[in-house]
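Per-entry structural report
These are the residues of each chain, in order.
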Amino acid sequence: MTLLVRGVRLLDGPDAPVDLAIEGDRIARIAPSGELSPGADAQVVELEGRWATPGYADHHVHFTMWAKHLSRLDVSAAREPEDAAEAIRVALASEHVVEHTAFVARGFQDALWSHEPTGALLDGAALAAGQDGRAIVVVSHDLHTVWLNEAAAQRFGAPRAGVLREDAAFAVEQAVDREAGEGEDELVGAALAAAAARGVTAITDLEMADNPSVWAGRIRRGLDAVRVTANVYPEHLALSVARRERTGTVVPDTEGLVTVGSLKLFADGALNSRTALCHEPYPGGGRGHAVYGEGELEAVMADAHAKGFSVALHAIGDLAVQRALDAFEASGARGTVEHAQLVAPGDLPRFAELGVGASVHPEHALDDRDVTDSLWADRKSRAFPYGALADAGAALQFGSDAPVAPLDPWFAISAAVHRTRDLREPWEPANAVSIEQALAASWGSPALVEGGPADIAVLDDDPRTADMPTLRGMYVALTVSAGRVTHRTY
Ligand SMILES: [Zn+2]
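Residues numbered from 1 in each chain as written. Predicted model: local features only at pLDDT ≥ 70, side-chain atom pairs only at ≥ 80, totals over all residues. Heavy atoms only, no water.

1. Brief notes about the packing of helix α9 (residues 296-306) against helix α10 (residues 318-331)
Note the cut-off: Working convention: axes come from line fits to C-alpha atoms, limited for helices to the stretch in contact. Angles between N-to-C directions cover 0 to 180 degrees. A run of H or I in DSSP counts as a helix once it spans at least four residues, and a run of E counts as a strand once it spans at least two, with each numbered from the N terminus. In what follows, roughly perpendicular refers to angles from 65 to 115 degrees, roughly parallel to angles under 35, roughly antiparallel to angles over 145, and oblique to any angle outside these ranges. Left-handed is the label given to a crossing in which the near helix is rotated counterclockwise from the far helix by less than a right angle, and right-handed is the label when the rotation is clockwise. Should any heavy atoms of two residues lie within 4.5 Å, those residues are considered in contact. Residue polarity is assigned by list, with Asp, Glu, Lys and Arg as charged and Ala, Val, Leu, Ile, Met, Phe, Trp, Tyr, Cys and Pro as nonpolar; anything else, Gly included, falls into the polar class.
Between α9 and α10, the least distance of the axes is 9 Å, while the angle of their chain directions is 45°. Taken together, the axes of α9 and α10 are oblique relative to one another. Crossing handedness for the pair α9 and α10: right-handed. Judged by residue contacts, L297, E298, M301, A302 and H305 of α9 engage R323, A324, A327, F328, A330 and S331 from α10. Classifying every residue of the contact of α9 with α10 gives seven nonpolar, two polar and two charged.

And the structure:
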């Protein structure tokens, strides 16, 4: 025995507390409390009747972006572009040292603004703050849009200043990240500790990078607080294949903590950018953006399938979701639809029929409820349809899509169950799920069992009976990932 977790209650176990004996990264024994003796070398933690559950898995994060995000100016409260520019001016004016890196802010939702922001507005903010010519980049809340000034456009090779969307926006975001590469480990370490403090023991990383090798390097440098499923983008697929990787490959020299995940593909854009691909037009016209033409998606997925990769397929609008399911069906590929924010009724049962998972991000439903009421007013009863997906037998997996929402499984669980996070009425409550469904969609393993992984979160409250504020702010006393204590509060 290497670790003894003493005096915990299990959600599906007896009323009396039990002890969990951990051996390496496995649960060796579960026994009535007091029956097991730890031996001289074992670490012992006393939990005094708290609730133990499987560790929490965030099935969709952009981890490096999240780690950096924590240090960027948040302009999400801006009601118009001028408000965001003013917040940036104030932040620039308060910098003590003149930085030569770009100034990066985050969080705007231009779908809620009355007019398009301009590069000149940011130039004005820089000038007024005494930093004429400083490159400024503002990344949208959903990451699919950037707003930048002329200096930033030149610096990052963008076609022009102003607003850029989709691929042009992603290119700028990646260039900004490359510039800010120094000091990254420190930020990653802090973000890992914060995740462990919320009970997280596993993440699926969808950073636009060569994730298997990025994480192999991090594990070697001691950044090993969570298990990582490292997804792969088309740009890095050849590299992965050359390393003989496929979905499920355990990456060598990572203590078994890093596994190769799915190939990440995009079928469409996003709601706020009005690029999510829909059957019906948006109020201002247009049905969104299809990333692939007729037959192309199916071919790319068939190629992935032949190479041993499952597919994590971003599809937000209902037409994109339909095409995604069609492509899974035609190609034989396995995997998940990521987001599934709008689903046509006829497509709901196809998730279960095809064995395609629904990887969803419930906090987005609350972030986007006003945008949805405006852009999808005629179809909002079908938006963020977690209840309908669960009823149709779809396998739900919850995630945060951090940095779009904070990397916190309790936000996702609470949002999916309560469909509100404040004093507002629950939004489209018919699409809520039960707490049991929300927990199952968030756990890294189905239950704590002998022989199972020693990935454990110990909670102060029983999540099944906790009210909304308690659930959202769930107090995590202890986190064990792969048999190691990664967080404890006492
Ligand atoms: Zn994402």
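2. Observations concerning the coordination of the zinc ion
Basically, it comes down to this: Water is not part of the atom set, so a site may look incomplete; the donors themselves are N, O and S atoms within 2.8 Å of the metal, or 3.2 Å for Na, K and Ca. Think of it in three bands: with a 1.4 Å probe and only protein chains considered, a residue is buried below 20% of the maximum accessible area for its type, exposed above 50%, and partly exposed in between.
Within the protein, the zinc ion binds to H60 (NE2), H62 (NE2) and D401 (OD); these donor distances fall in the range 2.0 to 2.1 Å. Read from N- to C-terminus, the donor residues coordinating the zinc ion fall into the pattern H-x1-H-x338-D. Summarising the burial analysis for this pair, H60 and H62 share the class buried.

3. Regarding helix α2 (residues 81-93)
This is how the line gets drawn: To estimate the expected span of a helix, subtract one from its residue number and multiply by 1.5 Å.
Its 13 residues give α2 an end-to-end C-alpha distance of 18 Å, which sits within 8% of 18 Å, the value for a rise of 1.5 Å per residue. Tucked inside the fold, the buried residues of α2 contact β6 (73-74), β7 (103-108), α3 (119-128), β8 (136-140) and β9 (145-148).

4. A closer look at the sheet that holds β6
What counts here: Here a strand pair is declared whenever DSSP counts at least two bridges between the two strands.
Pairing in this open sheet of five strands is mixed, and the strands run β6-β7-β8-β9-β10 from one edge to the other. Here the strands that pair on one side only, and so sit at the sheet edges, are β6 and β10 (162-165). Here β8 runs beside β9; their pairing, made up of three bridges, is antiparallel. Across the sheet, residue V137 finds its bridge partner in β9, namely L148. α3 contacts β8, β9 and β10 of the sheet and is inclined by roughly 50° relative to β9. Sheet strands touched by helix α5 (residues 166-179): β7, β8, β9 and β10. Its angle to β10, the strand with the most contacts, is close to 105°.

5. Topic: helix α8 (residues 234-242)
As a reminder, the rule being used: Think of it as the arc spanned by the lines of direction from the helix axis to the C-beta atoms.
For α8, the set of buried residues is H236, L237 and S240. Projected down its long axis, α8 carries its buried residues within an arc of 130°, all on one side. In α8, the exposed positions angled more than 90 degrees off the buried face are occupied by E235, A238 and A242. Summarising the contacts, the buried residues of α8 are in contact with α7 (211-220), β12 (227-232), β13 (258-266) and α9.

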